[in-house]
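Structural characterization, general
Each chain, written out:
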Protein chains: 2
Amino acid sequence: MLRSHTCGELRKEHLNNEVKLSGWVQRIRDKGGLIWIDLRDRYGITQLLLEEGESDQSLIETARSLGREFVIQAEGLVIERESKNPNMATGDIEIKLTALSVLNASKTPPFTIENNTDGGEELRMKYRYLDLRREPLRNNLKLRNRLSIETRKYLDSIDFFEIETPYLIKSTPEGARDFVVPSRMSEGQFYALPQSPQTFKQLLMVAGYDRYYQLVKCFRDEDLRADRQPEFTQIDCEMAFVEQDDVLNTFEGLVRYLFKTVKDIDIPSLPHMTYADAMKLYGSDKPDLRFGMSFVELNDVTKNKGFKIFDEAELVVGINAEGCATYSRKQLDKLTDFVRRPQIGAKGMVYVKCNEDGSFKSSVDKFYNQEDLAAWAEKMNAKAGDLLLVLSGDADAVRKQLNELRLEMGNQLELRNPDVFVPLWVVDFPLLEWDEDSERYHAMHHPFTSPKAEDIGLLDSKPGEVRANAYDLVINGVEIGGGSIRIHDRDLQKLMFKHLGFTDEEAQEQFGFLMNAFEFGAPPHGGIALGFDRLVALFGGQDSIRDFIAFPKNNAGRDVMIDSPSAIDHAQLDELRLKVVKPTEQIS
Amino acid sequence: MLRSHTCGELRKEHLNNEVKLSGWVQRIRDKGGLIWIDLRDRYGITQLLLEEGESDQSLIETARSLGREFVIQAEGLVIERESKNPNMATGDIEIKLTALSVLNASKTPPFTIENNTDGGEELRMKYRYLDLRREPLRNNLKLRNRLSIETRKYLDSIDFFEIETPYLIKSTPEGARDFVVPSRMSEGQFYALPQSPQTFKQLLMVAGYDRYYQLVKCFRDEDLRADRQPEFTQIDCEMAFVEQDDVLNTFEGLVRYLFKTVKDIDIPSLPHMTYADAMKLYGSDKPDLRFGMSFVELNDVTKNKGFKIFDEAELVVGINAEGCATYSRKQLDKLTDFVRRPQIGAKGMVYVKCNEDGSFKSSVDKFYNQEDLAAWAEKMNAKAGDLLLVLSGDADAVRKQLNELRLEMGNQLELRNPDVFVPLWVVDFPLLEWDEDSERYHAMHHPFTSPKAEDIGLLDSKPGEVRANAYDLVINGVEIGGGSIRIHDRDLQKLMFKHLGFTDEEAQEQFGFLMNAFEFGAPPHGGIALGFDRLVALFGGQDSIRDFIAFPKNNAGRDVMIDSPSAIDHAQLDELRLKVVKPTEQIS
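How each quantity is defined
- Sequence order as written defines residue numbering, which begins from 1 separately in each chain.
- Note on labels: chains are lettered from A, ligands numbered from 1, in written order.
- Thresholds applied to this predicted model are a pLDDT of at least 70 for local features of residues and 80 or more for the giving and counting of side-chain atom pairs; totals over whole chains, interfaces and linings are not thresholded and use all residues.
- Note: side-chain values were computed over all heavy atoms of the structure, leaving out hydrogens and water.
- Only DSSP runs of H or I reaching four residues or more are called helices, and only runs of E reaching two or more are called strands; each is numbered from the N terminus.
- Categorising residues by exposure relies on relative accessible area from a 1.4 Å probe, with only protein chains included: less than 20% of the type maximum marks a residue as buried, more than 50% marks it as exposed, and the intermediate range marks it as partly exposed.
- Residues are treated as being in contact if the distance between any of their heavy atoms lies within 4.5 Å.
- Values of accessible area rely on a 1.4 Å probe in the Shrake-Rupley scheme; residue burial ignores everything except the protein chains shown.
- His is not counted, nor are the chain ends, whereas Lys and Arg count as positive and Asp and Glu as negative.
- Note on charges: their place is set at NZ of Lys, CZ of Arg, CG of Asp or CD of Glu.
- A helix is expected to reach a length of 1.5 Å times the quantity of its residues less one.
- Bend, in this description, refers to the angle at a residue between axes fitted to the seven residues ending there and the seven starting there.
- In superposing the copies, a least-squares fit is computed on C-alpha atoms, taking residues whose pLDDT is at least 70 in both.
- What gets called buried area is simply the loss in accessible area from a 1.4 Å probe that two parts show on being joined, summed for both.
- The term salt bridge refers to a side-chain nitrogen of Lys or Arg lying within 4 Å of a carboxyl oxygen of Asp or Glu.
- Two N or O atoms form a polar contact when they lie within 3.5 Å of each other; inside protein one atom must be a possible hydrogen donor and the other a possible acceptor, and for residues adjacent in sequence the pair counts only when both atoms belong to side chains.
- Amino acids are sorted into nonpolar (Ala, Val, Leu, Ile, Met, Phe, Trp, Tyr, Cys and Pro), charged (Asp, Glu, Lys and Arg) and polar (every other residue, Gly among them).
- Pairing between strands is defined by DSSP: at least two bridges between the two strands are required.
- Inter-axis angles, ranging from 0 to 180 degrees, are taken between N-to-C directions of lines fitted to C-alpha atoms, where helices are fitted over the stretch in contact.
- The rule is short: rings of Phe, Tyr and Trp, with Trp giving its six-membered ring, pair when the centres are within 6.5 Å, and they are stacked under 30 degrees, edge-to-face over 60, tilted in between.
- Whether a charge sits over a ring comes down to the Lys NZ or Arg CZ being within 6 Å of the ring centre and within 35 degrees of the ring normal.
- For classification purposes, an angle smaller than 35 degrees is called roughly parallel, one larger than 145 roughly antiparallel, one from 65 to 115 roughly perpendicular, and anything else oblique.
- Crossings are classed by handedness, with left-handed meaning an anticlockwise turn of the near helix from the far one by less than a right angle and right-handed meaning a clockwise turn.
- Only residues whose relative accessible area exceeds 30% and that take part in no salt bridge are eligible for patches, with like-charged residues grouped when within 9 Å of each other and nonpolar side chains (Val, Leu, Ile, Met, Phe, Trp, Tyr) grouped when within 5 Å.

Turning our eyes to something else, we now look at the overall build of chain A. Check the secondary structure of chain A and you find 17 helices and 23 strands. Each principal axis of the C-alpha distribution contributes one length, and for chain A these read about 95 × 80 × 55 Å. A burial count over chain A gives 58% of its 588 residues as buried. Within chain A, counting contacts between residues at least 6 apart in sequence, those at least 24 apart form 65% of the total. Counting every atom, chain A has about 24,100 Å² of accessible surface; 46% of that belongs to carbon and sulfur. Computed over 74 positive and 97 negative side-chain charges, the separation of the two mean positions in chain A equals 4 Å.

Set out below in structure tokens:
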């Protein structure tokens, strides 16, 4: 090894040891008589010392030739620091150098390698290997490693096998768009990269593996919204001989274990909330339960008082922003502007201030007297000092709008503390959702999700009302994962495909292998997939996943560091018997 | 859960417990008055019992309706067996049934789910989910899971971080053929799937991550020889601030840990053998050291005795097959036929029997008298009863031929016991090898491998003689992995690319990001990649990797279970702006 110790290792007990360190020059302070070098590696920073007159002159010259990020090897004696630094693990000691050599020089980096860098996004992506040197990113990848280790430890301890499923699989039109891989040996044919190992993990249940998991890369060729990646990592799991609560309990165990082990946080038992309740109370299937402010429906106390907007609305619904009666006109106008933004789309907002003296002041005083408003306040459990914010319109739309307003109020009132974690299960999702574009029902989760037995009868008459044995894990308003109890019966699976608009031939061609497998003793089974990138970011207290991935793509799906994707040789295309068609040409 | 216990769990201490089990019907024995059902799951087999007259008649009818591989749920009382089965973990007990239901029926499987199945290769691949139910495959995947867990445990314990590198990277013409992935967002451009995360792990060293590993899928679009897979798994590792011996010692530690933990075998310290010695003594860069029979060069005792074939040969070289002087004429003829097979290509074989009476009998008695042959025997450390087998020809060719003969003799003499493991390091590989097809030197390992400092001077004059800081881990004649100390200096990397026939522009276009990174403080570093599929197969005592992979491809690169690769929609091709060109059409 080119070192005897790392840069994070030396303590008082090493005093008078001869040591050899290697690392990067973080900083040099040259005070004339004394030169200090902060030497950095993954493990920490150690201070090196040279003294004019005492140290060999050639060492001093070498030291003065160093620049930031030079890679050096240093030998010397561990001595006690005159002025200790209690903020550094190695702050009690420094190394009085006896040898110093440059292992590799460095050009001046295009941005500073500091916790708060001066580098812009583009530059940091291009020189990702330099950005990764910064402590915040190092801590993110360290956290990611820790979470993967602990996830595996937990699942292994409860008899899950990690089994690798293939990456070169088969393209299916259902779901998001596949990345495809042309086959050279089978001309004109293509593999697809998996959007998830869904069918394979189900086949592993058919094969009797009982408990499967895998930390696995998945791929989706989608137009990238901010903070989506074309390749992402899942904790993918499946269990046989289970019912919904068995899966929920098992993965509640994992979630609580991870919080305890990695963050020393005790998470209480996870509440279960139905999809219907989540939509009704929070206007979202991923409610942020770090704060209350749940929706209160006000139709019975707002209608028929002459306020046309409310009278014509399908739903009048509000939230109680506690203690906000002091909001100024300006603050209230800003909230109105917020809900009117095109992304949110409300027409307006009604407020009621619950004054300290027991009176009310509202934006609809013309239509509602003090008694009317007192009835609102009572329904909303408001007390003096609270502020009621009320929206109205079509039920689905207004709930979504009020969800945005509630989250905004949570932000304004600092109720969304990234150090607080409130997970829950959202259950009883609808099986199907109507797609306006294709004018047919799509599987809300995926086509392998089982309907609730008691709802199967509705499949023909009211398909939109059929509930699924499907569930999401939601933490702090973020969907961390989801899963379902699967169909294990061939006939039911065929029926599902029929309802999703597959012909028998299409179903057989694309998923025949799975339906055939169901004829050879498929056990009841179910599972879940957790978004690992998202989970790590959540543990790291951040919204964006990008800095929790070593080498992410940008929003155009490009790796700007290696400049990929890129053109390939004609010879390569010839071997694949493919031709790239220019935008001006006709393809088929 | 649809069970209270697994089928591998119940023991005498559970007697008189009411239990609920779920699993597959392995076997039914109906003796009229008594019916036994063997119920199987991943954990074991438990015997269920029904008694005519005692058990409910409806249960008996259900039991008689069952077939092999039906999935059932059974409830009953744990009782002591009359005739115990000491070969089964659950052999002391059986379950007297009080309830029995069919969770899913099964058609008769196309082959038997037994340790020795009657299914042929094709059928077993098509119904892989049934083949995976067989105990040998289950044990293989269990072993694989165990080895991955222990590998991670060990590397984690010595400060390696697992860091995920991207799967959508950039195609480079160097090395094997890439699988490519057309980009929809960047028309006419392609990602490539990684043949290995080589450049990314080097960038992680530049980024200061110090110790990286990853169990990672890699991809090569090669014409598949038997037992190659287009996607395979590597234990991929890299370390900074190391020299060759640091890497070897670290991974020797891993190898010994895995053998100890997983197989309870103590492996002594691994020998290091130079590539030159391996070729000279075993004719192979992956010698099987479970047995001796190393090569003895015989030029000085065989030349100039009138035997033209030896006189004209560059090298006469032999092995001593101890105790084989009793080989019959027929056995010796078969050995001659063996070395003459076109795949091996020897012109003939000379033998010398060392008779018990001290005399010699050879196939070249016409040219060599007893004294001559005694000199051979002495040189080869032969004693009475041994058999000397001698080949001749061009040195490189004859060594390869004798390697095949040595391995064949190892097989015949049963010296290649799959329960014995002899690992070694082969070191000092040549940096470059001449490629006849392209008439230029190729990197033997890869272009990032560093030449030995003392040999750099030979790069221009004798490129074929430059040795690399490259090493292979070899166990039982199988190359389990290889690695090298990398180049970390931009100028040396440029020089290497020049010697490999890259223009400056090509080098910059394909690997510019790496050479640029070397300018910003790249530390000395090196690493290794171990073939995980191969390692698991070796631990499992088998040659073929296929049954250690859950869902392998066949030799044509097809997954016959899901029928992939397959044609994709025109719409998909249109979005990618690609056209498949028929064999009769011109491409460009």
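Picking up where we left off.
Attention shifts here to helix α15 (residues 504-517) of chain A. Its 14 residues give α15 of chain A an end-to-end C-alpha distance of only 16 Å, which falls more than 12% under 20 Å, the value for a rise of 1.5 Å per residue. The largest bend in α15 of chain A comes to about 85°, at phenylalanine 511 of chain A. Where α15 of chain A is concerned, the buried positions are Ala507, Gln510, Phe511, Gly512, Phe513, Leu514, Met515 and Ala517 of chain A. Considering only its buried residues, α15 of chain A is in contact with α5 (198-206) and α14 (490-499) of chain A together with α3 (128-131) of chain B.

In this section: the relation of the copies chain A and chain B. Superposing chain A onto chain B takes a rotation of 180° plus a shift of 0.0 Å along the axis, which leaves an RMSD of 0.1 Å. Classification of the inter-copy transformation places it as that of a two-fold axis. A shared interface surface links the copies, since 100% of the contact residues of chain A are contact residues in chain B too.

Moving on, we come to the interface of chain A and chain B. Contact with chain A, which involves 129 residues of that partner, is made by 129 residues of chain B. Across the interface of chain A and chain B, roughly 11,800 Å² is buried in total on both sides, 58% from carbon and sulfur atoms. In terms of surface lost to chain B, no three residues of chain A exceed Arg42, Phe241 and Phe520 of chain A, which account for 8% of the buried area on that side. The tally of links from chain A across to chain B stands at 14 salt bridges. Between arginine 3 of chain B and aspartate 210 of chain A there is a salt bridge, with its nearest N and O atoms 2.8 Å apart. Where chain A touches chain B, the interface holds 71 residue pairs in polar contact (both at pLDDT 80 or more). Per-element tally for the side of chain A that touches chain B: the top contributor is helix α4 (residues 135-157) of chain A, with nine residues. By residue class, the composition of the side of chain A that touches chain B is 68 nonpolar, 23 polar and 38 charged. Direction of pairing for strand β23 (residues 578-580) of chain A relative to strand β23 (residues 578-580) of chain B: antiparallel, over a ladder of three bridges. Considered in β23 of chain B, the bridge of leucine 578 of chain A is made with valine 580 of chain B.

A side chain of one charge can pair with a side chain of the opposite charge if their charged atoms are brought near each other. All told, the structure shown has 107 salt bridges over all chains when counted by the stated rule. Here arginine 146 of chain A makes a salt bridge to glutamate 150 of chain A, at a shortest N to O gap of 3.3 Å. Here arginine 146 of chain A pairs with glutamate 150 of chain A, and both are found in helix α4, just four residues apart, close to one helical turn. Look at arginine 146 of chain A and you get partly exposed, because its relative accessible area is 34%. Residue aspartate 38 of chain B pairs with arginine 29 of chain B through a salt bridge whose shortest N-O separation is 3.6 Å.

Attention now moves to the sheet that holds strand β9 (residues 211-219) of chain A. Residue and element names in this part refer to chain A. Reading across from one edge, β6-β9-β10-β22-β21-β20-β17-β11 is the order of the eight strands in this open sheet, with mixed pairing throughout. Either end of the sheet is taken by a strand with one partner, and the two such strands are β6 (161-162) and β11 (272-274). Strand direction decides the pairing type here: β11 and strand β17 (residues 423-427), joined by three bridges, are parallel. Across the sheet, methionine 273 pairs through a bridge with valine 426, a residue of β17.

In this section: the sheet that holds strand β3 (residues 44-51) of chain B. Working definition: the strands of a sheet are paired by backbone hydrogen bonds and lie parallel or antiparallel to each other. All names here are of chain B. Ordered by their spatial adjacency, five strands build a closed barrel running β1-β2-β3-β5-β4, and the pairing between neighbours is mixed. Ignoring which end each strand starts from, the neighbouring axes of this sheet average 55° apart. The pairing of strand β4 (residues 71-80) with strand β5 (residues 93-104) spans 10 bridges and is antiparallel. In the sheet register, isoleucine 72 faces β5, and the bridge partner there is valine 102. Where helix α1 (residues 57-65) meets the sheet, its contacts fall on β1 (18-30), β2 (34-41), β3 and β5, and the angle it forms with β5 comes to roughly 70°.

All right, on to the packing of aromatic side chains then. Using the criterion set out here, one finds 53 aromatic pairs over all chains in the structure. For the ring pair phenylalanine 179 of chain A and tyrosine 191 of chain B, a centre distance of 6.1 Å and an interplane angle of 85° mean the geometry is edge-to-face. Here phenylalanine 179 of chain A, found in the loop between β6 and β7 (180-182), pairs with tyrosine 191 of chain B, found in strand β8 (residues 190-192), and the two come from separate chains. Considered together, phenylalanine 179 of chain A and tyrosine 191 of chain B belong to a single accessibility category, that of buried residues. Ring pairing ties together the aromatic residues Phe307, Phe310, Phe367, Tyr368 and Trp376 of chain A, which thus form one cluster. If you follow arginine 42 of chain A out to its NZ or CZ, it ends over the ring of phenylalanine 161 of chain B, 3.8 Å from the centre. A cation sits over an aromatic face here: arginine 406 of chain B above phenylalanine 291 of chain B, 4.0 Å from the ring centre.

Take the packing of α4 of chain A against helix α6 (residues 244-263) of chain A next. Residues and elements named next belong to chain A. Where α4 meets α6, the axes come as close as 10 Å, and the angle between the chain directions of the two elements is 135°. By the criterion of interaxial angle, the relationship of α4 to α6 is oblique. With respect to the hand of their crossing, α4 and α6 are arranged in right-handed fashion. Counted together, Leu143, Arg146, Leu147, Glu150, Thr151, Lys153, Tyr154 and Leu155 of α4 and Thr250, Phe251, Gly253, Leu254, Tyr257, Leu258, Thr261 and Val262 of α6 form the full contact between these two elements. Looking at the contact of α4 with α6, its residues break down into nine nonpolar, four polar and three charged.

It is worth spelling out unusual backbone geometry at this point. The amide bond that connects serine 564 of chain A to the next residue, proline 565 of chain A, takes the cis arrangement and shows omega of 0°. Here proline 565 of chain A is to be found in the loop between α16 (532-539) and α17 (570-576).

With that out of the way, let us pick up the packing of helix α6 (residues 244-263) of chain B against helix α16 (residues 532-539) of chain B. When two helices pack together, their arrangement is given by the angle between their axes and by how far apart the axes lie. Residue and element names in this part refer to chain B. One way to put it is that α6 packs onto α16 with a least axis distance of 12 Å and a crossing angle of 45°. When the axis of α6 is compared with that of α16, the two are oblique. Regarding α6 and α16, the two cross each other, and that crossing is right-handed. Taking contact as the criterion, the partners of Leu258, Phe259, Val262 and Lys263 in α6 are, on α16, Leu535, Leu538 and Phe539. For the contact of α6 with α16, a count of residues per class yields six nonpolar, no polar and one charged.

What follows concerns the side chain of lysine 170 of chain A. Within the secondary structure layout, lysine 170 of chain A lies in the loop between β6 and β7. Notably, lysine 170 of chain A is buried but unbridged: the nearest opposite-charge side chain belongs to aspartate 563 of chain B, and the N-O separation is 4.4 Å. There is a polar contact of 2.9 Å between the side chain of lysine 170 of chain A and the backbone oxygen of isoleucine 562 of chain B. In this view, lysine 170 of chain A contacts Ala192 and Glu509 of chain A together with Ile562, Asp563, Ser564 and Ser566 of chain B; residues no more than four positions away in its chain are not counted.

In this section: a negative patch on the surface. A cluster of acidic side chains, namely Asp504, Glu505, Glu506 and Glu509 of chain A together with Asp569 of chain B, defines a negative patch on the protein surface. Assignment of secondary structure puts aspartate 569 of chain B in the loop between α16 and α17 (570-576).

For glycine 457 of chain B, the location among the structural elements is in the loop between β19 (440-443) and α13 (458-461). For the pair glycine 457 of chain B and glutamate 150 of chain B, spaced 307 residues apart in the sequence, the C-alpha separation amounts to 43 Å.

Within a regular strand, the side chains alternate between the two sheet faces. Residue and element names in this part refer to chain B. Pairing between strand β18 (residues 432-435) and β19: four bridges, direction antiparallel. Counterpart to tryptophan 434 in the pairing with β19 is tyrosine 441. Linking two consecutive strands that pair antiparallel, namely β18 and β19, is a turn of four residues; a positive phi of about 50° is found at glutamate 439 within it.

Residue and element names in this part refer to chain A. Burial analysis of strand β3 (residues 44-51) places six of its eight residues in the buried class, which makes it a mostly covered element. Pairing of strand β2 (residues 34-41) with β3 involves eight bridges; the strand directions are antiparallel. By the bridge assignment, leucine 39 is partnered in β3 with threonine 46. Once β2 ends, the chain turns through two residues before running back antiparallel as β3. The pairing of β3 with strand β5 (residues 93-104) spans two bridges and is classified as parallel. Counted as the bridge partner of leucine 48 is isoleucine 95 from β5.

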